[in-house]
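Letter by letter, the chains look like this.
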Amino acid sequence: MSTLDRPLASKLAQAALGHVAREYPNVLVHAISGPDGLGTPRALHPMFFGSYDWHSCVHGHWLLARLLRTLPDLPEAGAIRTHFERTFTAGNAGGELAYLARPTSGGFERPYGWAWLLMLAAELRRHDTLEGQAWDRVLRPLAEAFVVRFNAFLPKADYPVRAGVHSNTAFALALAHEYARRVGDDAFADLIEAKARAWYGADAGCQAWEPSGDDFLSPALIEAELMRRILGPGEFQAWFVRFLPDAARGEPAALFTPAQVSDRGDGKIAHLDGLNLSRAWCWRGIAGVAASSDPLRDVATAAAGFHLAASLPHVTGDYMGEHWLASFALLAVQG
């Protein structure tokens, strides 16, 4: 298993710095109600206009904030600070809030972008420098707006979404739960935990029919990662044995075999590098709570290493992957 050494951290930082303020090319998910509703990415999203799409820009900032906090003497630290000072302003945050207030923006980035915004907010809340605390204050109103949206959405969401892409609800709950715990929002955390139990608590005998051709999340493993976060160790182990009863024997084999990526210039096929990295993240988490005597521990650790080795070398090199994969690489090596 790789760890976050300084050369890798610099590589990831440089990748994110290369796209978080790059406005084009850009994919806008933007509903308009009339001819005056058009705008450039920067005009519509003054804070998160880069990185090809809004959610990638958000988690690109999460990566930079995490690296700056954990490795403040990186050579790229000065450039990260300069970018945040220029971007994290009350005016830019107000522009993002104004976008959310549009009548056609109710479902904007639900739930993936919502969750990554909260993950970024949780990271900034960890910063103990004056500059980091200032960026946290700027982002708080936007984070609170997404908490309001989660609180309105989750009670009426009767069914989970088990896709391997942005609509996956387990991934969103895992990140949102980290935010709720970090900021001490017990009511929000309780809602997430109750919904996770309702959606996934009775799951057993997962078939793991994956991957699909454009997955970047494992529907099976991200569900396990969520349940690992909300259940106590003993309860999680009992749940996991029911959910994947043959995992300690390396079955289902699909979950232990890295996905093949045939064309990294194809934006959808390149998702499969993200699948390998996010699986590595999930397997690391599962291994971390397995008892030292449990054979699952070694099996999960090995699976994490295989998946990481398959895709970590390909985080940069083509913009279809480079605009987002570094964040998943950081999850995979640091958690």
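What you see is a predicted model; the values in this text were computed from it and never measured.

1. Description of the overall build of the protein chain
Secondary structure summary: the protein chain contains 15 helices and zero strands in total. In terms of C-alpha radius of gyration, the protein chain reaches 19 Å, essentially the compact-globule figure of 20 Å for 335 residues. Along the three orthogonal principal directions, the C-alpha set of the protein chain runs to about 55 × 45 × 40 Å. Residue burial in the protein chain is summarised as follows: out of 335 residues, 54% are buried. A fraction of 76% describes how many contacts in the protein chain between residues 6 or more apart in sequence connect residues 24 or more apart. Of the roughly 13300 Å² of accessible surface on the protein chain, a fraction of 54% belongs to carbon and sulfur atoms. Computing the positive centroid from 30 side-chain charges and the negative centroid from 36, the protein chain places the two 3 Å apart.

2. Description of the nonpolar core
The biggest cluster of nonpolar side chains holds 111 residues, and the ones touching the most others in it are Leu12, Phe48, Phe88, Trp116, Leu139, Phe240 and Trp283. Take this core: its biggest share by element is eleven residues, from helix α6 (residues 112-126). Once residues lying within four places of it in the same chain are set aside, the contact partners of Phe48 are Trp54, Cys57, Val58, His61, Phe88, Glu96, Leu117, Leu120, Leu139 and Leu142.

3. Looking at unusual backbone geometry
Each neighbour pair has its own omega, and for Arg110 with Pro111 the value is -5°, a cis peptide bond. Cis geometry is adopted by the peptide bond preceding Pro211, which originates at Glu210 and carries an omega value of 5°. One can find Pro211 in the loop between α9 (186-200) and α10 (219-230).

4. Considering α9
Helix length check: α9, at 15 residues, gives a terminal C-alpha distance of 21 Å against a target of 21 Å (1.5 Å per residue), a fit within 8%. Looking at the packing, one finds that the buried side of α9 touches α6, α7 (130-153), α8 (169-183), α10 and α11 (233-243).

5. Focus on the environment of Ser10
Here Ser10 shows up in helix α1 (residues 6-17). Given the relative accessible area of 11%, Ser10 is considered buried. The contacts of Ser10, once residues within four sequence positions are left out, are Leu74, Pro75 and Glu76.

6. Structural notes on the pattern of salt bridges
This structure, assessed with the given rule, holds 21 salt bridges. When the shortest N-O distance is used, the salt bridge between Asp73 and Arg6 registers 2.8 Å. Residue Asp73 is located in the loop between α3 (54-70) and α4 (77-87), and its partner Arg6 is located in helix α1; the two are separated by 67 residues in the primary sequence. Put simply, Asp214 and Lys268 hold a salt bridge, and the shortest N to O gap is 3.9 Å. One end of the pair, Asp214, is in the loop between α9 and α10; the other, Lys268, is in the loop between α11 and α12 (271-289), and 54 residues separate them in sequence.

7. A look at α10
When the terminal C-alpha atoms of α10 are compared, their 17 Å separation across twelve residues agrees well with the 16 Å that a helix rising 1.5 Å per residue should span. Across the twelve residues of α10, nine count as buried, placing the element largely inside the fold. In this structure, the buried side of α10 is in contact with α8, α9, α11 and α12.

8. Looking at the environment of Phe108
Locating Phe108 in the fold gives a position in the loop between α5 (90-100) and α6. For the pair formed by Phe108 and Leu244, sequence separation is 136 residues and the distance between their alpha carbons is 34 Å. Once residues within four sequence positions are removed from consideration, Phe108 is found in contact with Val29, His45, Trp54, Tyr99, Leu100 and Trp114.

9. A look at the environment of Gly60
By the element assignment, Gly60 lies in helix α3. Judged by relative accessible area, Gly60 falls into the buried class, the value being 1%. Measuring from C-alpha to C-alpha, the distance between Gly60 and Tyr159 comes to 30 Å, with 99 residues separating the pair along the chain. Those residues in contact with Gly60 that lie beyond four places of it in its chain are Ala16, His19, Val20 and Ser327.

10. Points about the packing of aromatic side chains
Taken as a whole and assessed by the stated rule, the structure comprises 27 aromatic pairs. Ring geometry for Tyr112 and Phe171: centres 5.6 Å apart, planes at 25°, overall stacked. Of this pair, Tyr112 sits in helix α6 while Phe171 sits in helix α8, and the two are 59 residues apart along the sequence. When its relative accessible area of 3% is taken as the criterion, Tyr112 is described as buried. Over the aromatic face of Phe49 sits the side chain of Arg42, whose NZ or CZ is 4.0 Å from the ring centroid. Taking the ring centre of Tyr99 as reference, the NZ or CZ of Arg102 above it sits at 4.7 Å.

11. Here's the deal with the packing of α10 against α12
α12 packs onto α10 with a crossing angle of 40° between their chain directions and a minimal axis gap of 9 Å. Considering their axes alone, α10 and α12 lie oblique with respect to each other. Crossing geometry of α10 relative to α12 is assigned as left-handed. Listed contacts from α12 to Leu221, Ile222, Ala224, Glu225, Arg228 and Arg229 of α10 are Arg279, Trp281, Cys282, Trp283, Gly285, Ile286 and Val289.

Scoring rules and cut-offs
- Residues numbered from 1 in each chain as written.
- Predicted model: local features only at pLDDT ≥ 70, side-chain atom pairs only at ≥ 80, totals over all residues.
- Heavy atoms only, no water.
- Helix = DSSP H or I, 4+ residues; strand = E, 2+ residues; numbered from the N terminus.
- Rg over C-alpha atoms; globule rule 2.2 N^0.38 Å.
- Buried < 20%, exposed > 50% of the residue type's maximum accessible area, 1.4 Å probe, protein only.
- Contact = heavy atoms within 4.5 Å.
- Areas by Shrake-Rupley, 256 points an atom, 1.4 Å probe, with all protein chains shown as cover.
- Lys, Arg positive; Asp, Glu negative; His and termini not counted.
- Charge placed at Lys NZ, Arg CZ, Asp CG, Glu CD.
- Core = buried A, V, L, I, M, F, W, Y, C linked by side-chain atoms within 4.5 Å.
- Expected span 1.5 Å × (residues − 1).
- Salt bridge = Lys/Arg side-chain N within 4 Å of Asp/Glu carboxyl O.
- Phe/Tyr/Trp six-rings, centres within 6.5 Å; stacked < 30°, edge-to-face > 60°.
- Lys NZ or Arg CZ within 6 Å of the ring centre and 35° of its normal.
- Axes fitted to C-alpha atoms, helices over the stretch in contact; angles between N-to-C directions.
- Parallel < 35°, antiparallel > 145°, perpendicular 65-115°, else oblique.
- Left-handed = near helix turned anticlockwise from the far one by under 90°.

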